[in-house]
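Coordinate analysis (summary)
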Amino acid sequence: TNGHEAFIVDYKTGGSDSETPEQLHEKHLLQSLCYAYAVLSSGIKHVKMSFVRVERVDDKGHPQTVDYEYSLDDFDEIEGCIASALERKAQ
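This write-up is about the structure you can find in this document. Within any chain, residue numbers begin from 1 and follow the written order of that chain's sequence. With the structure being a predicted model, the display of local features is reserved for residues of pLDDT at least 70 and the display and counting of side-chain atom pairs for 80 or more, all residues being used for whole-chain, interface and lining totals. Neither water nor hydrogens contribute to the side-chain values; these are computed over all heavy atoms in the structure.

A pair of packed helices is captured by two measures, namely the crossing angle of their axes and the spacing between those axes. Every axis in this analysis is a line fitted to C-alpha atoms, fitted for helices over the stretch in contact. Angles between the N-to-C directions lie between 0 and 180 degrees. Secondary structure elements are defined from DSSP: runs of H or I of at least 4 residues count as helices, runs of E of at least 2 residues count as strands, and each element is numbered from the N terminus. It is at 10 Å that the axes of helix H1 (residues 21–41) and helix H2 (residues 75–90) come closest, and there the two elements cross at 130 degrees. Comparing their axes, H2 and H1 come out oblique. Crossing of H1 against H2: the hand is left-handed. Listed contacts from H2 to Leu30, Leu33, Cys34, Ala36, Tyr37, Leu40 and Ser41 of H1 are Phe75, Ile78, Glu79, Cys81, Ile82 and Ala85. Looking at the contact of H1 with H2 residue by residue, the classes come out as eleven nonpolar, one polar and one charged. Any angle that falls under 35 degrees is termed roughly parallel, while one over 145 is termed roughly antiparallel, one within 65 to 115 roughly perpendicular, and all others oblique. In this scheme the crossing of two helices becomes right-handed for a clockwise turn of the near helix relative to the far one and left-handed for an anticlockwise turn of less than a right angle. Any two residues having at least one pair of non-hydrogen atoms within 4.5 Å are treated as being in contact. When residues are grouped by polarity, Ala, Val, Leu, Ile, Met, Phe, Trp, Tyr, Cys and Pro land in nonpolar, Asp, Glu, Lys and Arg in charged, and all others, Gly among them, in polar.

Here is the structure:
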């Protein structure tokens, strides 16, 4: 972080080679929203993150990544998505 922006890296193991990019994005979405909520709540205005699948490689032979980016403008939507996920879990 530089006080205004943050970059988060979360290393992942496991998973399947058959997971599509869309499935991976959805798989890590709630976790990315929780990270963004915590970071943006701390006063940071912009956050990027990469979930790095260390045991899986992309078509260039690099570790496969799933990337997300959020800003303070997204905060209310992030909060609502997390609240909805908690409500679904409680049912």
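When a carboxyl oxygen of Asp or Glu is within 4 Å of a side-chain nitrogen of Lys or Arg, the pair counts as a salt bridge. Across all of its chains, the model carries four salt bridges by this definition. Where Asp17 meets Arg56, a salt bridge forms, and the shortest distance between an N and an O atom there is 3.4 Å. Pair noted here: Asp17 is in the loop between strand E1 (5–12) and H1 and Arg56 is in strand E2 (residues 46–57), with a separation of 39 residues, a long-range link. As a salt-bridge pair, Arg53 and Glu19 come within 2.7 Å of each other at their nearest N and O atoms. With a gap of 34 residues between them, Arg53 in strand E2 and Glu19 in the loop between E1 and H1 connect regions that are remote in the sequence. Each residue's exposure class comes from its accessible area (1.4 Å probe, protein chains only) as a fraction of the maximum for that residue type: buried when under 20%, exposed when over 50%, partly exposed otherwise. For Arg53, a relative accessible area of 3% corresponds to the buried category. Given the relative accessible area of 18%, Glu19 is considered buried. A single network of salt bridges, built from pairs that share partners, joins Glu19, Lys27 and Arg53.

Once that is clear, we can look at the sheet that holds E1. Reading across the sheet, the three strands line up as E1-E2-E3 and stay open at both edges, with mixed pairing between neighbours. Looking at the sheet topology across the chains shown, the edges are occupied by E1 and strand E3 (63–71). Looking at each pair of strands side by side, their axes are set apart by 15 degrees on average, direction ignored. Strands were regarded as paired on the criterion that DSSP finds at least two bridges between them. Pairing of E2 with E3, which is carried by nine bridges, proceeds in the antiparallel orientation. Bridge assignment links Ser50 to a residue of E3, and that residue is Asp67.

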